[in-house]
Every structure is written in structure tokens, then in C-alpha cells.
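A look at the structure
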Amino acid sequence: MNGYNIKEFSISSLRKCFDCYFQNSPNFGFTLRDNVTIGDDPYNSKDDEVIDAVKAAQAIDILHKAPQGLDTYLTRMFSDDGMELSDGQHQKIALARTFYNDRTIILLDEPSSSLDPKAESKLFETIKKLCTKKTVFFTSHRLSNINLADRILVLAEGKIVENGTKEELLKLGQCFSELYQYQAEKFN
């Protein structure tokens, strides 16, 4: 890692480099603040840092509708004033948690699967802007998202079967090219 043998790093220091967003990341019956800062000490969180993460995840509309702001519960289980969120809203809050942690390596599993096309576009613009000095891996079945990628890895049966830029993989005329053409035909 950066020229050093990975065995020279402690497991805990390596874990502090990574953050993951999973397609079905749960949110909890806690407050909006606690859901974004989970894993850190929410009592030491600064409102502006939490709000920045919420904005980055395109979730500011959720905060604006929250009756108690960051202290609004994301369920009515513990508070009658809590909010019930849609799947897309839950996805945005889970993404806010990923952005809040500000790690150097981010793994995103289908980060826009429950978002409408406009929100998806804004999210990927934000990822591109926020992650210029980070390593980001994201999975996607929507090939419209590949324009962000420096490299594309095509997986089949748990193995990398193709690796390259969009142009390189299209020239190969194999799996990626076939998938790309299939999706492109839908727009012609």
C-alpha cells in the first residue's frame, strides 16, 4: 500500500482507511444525526459536518422536512414526531454516513439503485467532486454510470474477466461490449 508491505500496518489502521456502502444498508431507529455519525461519537459531531454529509448525499430535503432537524428520529418507533422514509431516502441517509466518515478508500455497492435519474446524476457528480483524491470502487448494473470510472472491472462467476477503460473494453468486443451495446440499443 503506497509502496509499503501491507503487513506493516495494524488491522485497526487499515480499517480506518475504508468505508463501505451496501445496497441494502440499514438505517436505525435513531436520530438523523446518529444515523449519519454512527461509529463515531455523535456527541462530538459538529452540526456543519453532519449537514455537509447530508448535502453530499443529496438528502438535504430530508433534513428540511425533519421536525427536530438532526435530532429527528428516522422512525416513529421511539418518537411520534419521527419520520418514515422511502427506500430512496434511506439510501441517501446511508450514503451520508459514508461521506461523513471521510475515508480514503470507499466501496459503493449500487449507490443509486433506489434513486430517480435526477438524484442519481447529482449523486455521481458529488462522488466525482468529493472523491478526487480517494480510491472509489462502485458496482453498477447501469452502464450510464461508467463514465466516472478510470478503470472498469467486469466480474463473472466471482472472477475478474475484463479490466480496462471503456474504450479498451468496447474494442475487445467481449462481455462488457455486449452488455454496453444491449443497454445502448434501448436508447436508440
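These lines cover the structure that appears in this document, whether it is placed above or below. (Residues numbered from 1 in each chain as written. Predicted model: local features only at pLDDT ≥ 70, side-chain atom pairs only at ≥ 80, totals over all residues. Heavy atoms only, no water.)

The next thing to look at is the pattern of salt bridges. Enumeration according to the criterion identifies 4 salt bridges in this entry. Residue Arg 33 pairs with Asp 71 through a salt bridge whose shortest N-O separation is 3.3 Å. With a gap of 38 residues between them, Arg 33 in helix α2 (residues 32-37) and Asp 71 in the loop between α4 (60-65) and α5 (87-101) connect regions that are remote in the sequence. According to the relative accessible area criterion, Arg 33 is buried, its value standing at 12%. Several salt bridges converge on common partners, so that one network encompasses Arg 33, Asp 47 and Asp 71. (Salt bridge = Lys/Arg side-chain N within 4 Å of Asp/Glu carboxyl O. Helix = DSSP H or I, 4+ residues; strand = E, 2+ residues; numbered from the N terminus. Buried < 20%, exposed > 50% of the residue type's maximum accessible area, 1.4 Å probe, protein only.)

Time to look at a nonpolar patch on the surface. A contiguous nonpolar surface patch, about 720 Å² in accessible area, is contributed by Met 1, Ile 6, Phe 18, Leu 107, Phe 137, Leu 153, Leu 155 and Ile 160. Of note, Phe 137 is situated in strand β3 (residues 135-139). Classification of Phe 137 by relative accessible area gives partly exposed; the value is 46%. (Patch = residues over 30% accessible without salt bridge, like charges linked within 9 Å, V, L, I, M, F, W, Y side chains within 5 Å. Areas by Shrake-Rupley, 256 points an atom, 1.4 Å probe, with all protein chains shown as cover.)

The contact between helix α3 (residues 47-56) and α5 brings their axes to 8 Å, and the two run at 125°. Between α3 and α5, the interaxial angle falls into the category oblique. Handedness of the α3/α5 crossing: right-handed. Along the contact surface, α3 presents Glu 49, Val 50, Ala 53, Val 54 and Ala 56, while α5 presents Ala 96, Phe 99 and Tyr 100. For the contact of α3 with α5, the per-class residue count stands at 7 nonpolar, no polar and 1 charged. (Axes fitted to C-alpha atoms, helices over the stretch in contact; angles between N-to-C directions. Parallel < 35°, antiparallel > 145°, perpendicular 65-115°, else oblique. Left-handed = near helix turned anticlockwise from the far one by under 90°. Contact = heavy atoms within 4.5 Å. Nonpolar A, V, L, I, M, F, W, Y, C, P; charged D, E, K, R; others polar.)

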